[in-house]
Amino acid sequence: MYQLGKSYDEINIGDSASFSKTITETDIYLFAGISGDFNPLHVDEQYAKTTQFGTRIAHGGLAASLLAPVLGMKLPGLGTIALETTTKFRKPVFPGDTITCKVIVKEKIPKLKAIAMRIEWTNQNSDTIGKGECKVLPPSKA
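This one's a predicted model, so the numbers in the text were calculated from it and none came from an experiment.

Definitions and cut-offs
- Residues numbered from 1 in each chain as written.
- Predicted model: local features only at pLDDT ≥ 70, side-chain atom pairs only at ≥ 80, totals over all residues.
- Heavy atoms only, no water.
- Pairing = 2+ DSSP bridges.
- Helix = DSSP H or I, 4+ residues; strand = E, 2+ residues; numbered from the N terminus.
- Axes fitted to C-alpha atoms, helices over the stretch in contact; angles between N-to-C directions.
- Phe/Tyr/Trp six-rings, centres within 6.5 Å; stacked < 30°, edge-to-face > 60°.
- Lys NZ or Arg CZ within 6 Å of the ring centre and 35° of its normal.
- Polar contact = N/O pair within 3.5 Å; in protein donor to acceptor, adjacent residues only side chain to side chain.
- Contact = heavy atoms within 4.5 Å.

**Examining the sheet that holds strand S3 (residues 98-109)**
Part 1: The strand order across the open sheet formed by 5 strands is S1-S3-S4-S5-S2, and the pairing between neighbours is antiparallel. Each of the sheet's edge strands pairs with one partner strand only, and the pair in question is strand S1 (16-22) and strand S2 (81-89). Neighbour to neighbour, the strand axes of the sheet diverge by 20° on average, direction disregarded.
Part 2: Two strands pair when backbone bridges link them, and strand S4 (residues 114-122) and strand S5 (residues 128-137) are joined in this way by 8 bridges, in the antiparallel orientation. Among the inter-strand pairings, Arg118 is bridged to a residue of S5, identified as Glu133.

The following block contains the structure:
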């Protein structure tokens, strides 16, 4: 049986949760197929060597998608509805990087019964690869 995530009343400012994943070659190719983004920067090493990165990089959306398991499985958890997200990419993600997506509750919005959170994406070296914000509707316990 599934258990709903935390409700609006159960969440406090400062609560946090995270999810980490190592980005593999397979992840990059599967994301290209799912998204339709076959930019050679992501899938062609010879082309990527000619760019400022000197090698292939993962899609920004692939790293950004690590927000989904945090919101949907951890905080608030099952039953969460995402209302909006913003993402600012700071550094590239390379195949083999381990990315952690962390959310921190920054505000409760009583009128909507919504939660506003900061989002931080970091790599295995603790470098910030992205920052953002999101608003979500936590599940209702009613």
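Structure shown, so let's carry the discussion forward.
**Concerning the packing of aromatic side chains**
Part 1: This model, assessed by the stated rule, comprises 0 aromatic pairs.
Part 2: Over the ring of Tyr8 we find Lys108; its NZ or CZ atom is 4.5 Å from the centre of that ring.

**Some details on the side chain of Asp15**
Part 1: Along the polypeptide, Asp15 turns up in the segment before S1.
Part 2: Here Asn12 takes part through its backbone nitrogen, which lies 2.9 Å from a polar atom of the side chain of Asp15.
Part 3: Non-local contacts of Asp15, meaning those with residues more than four positions away in its chain, are made with Lys6, Glu10, Leu75, Val103, Ile104 and Val105.

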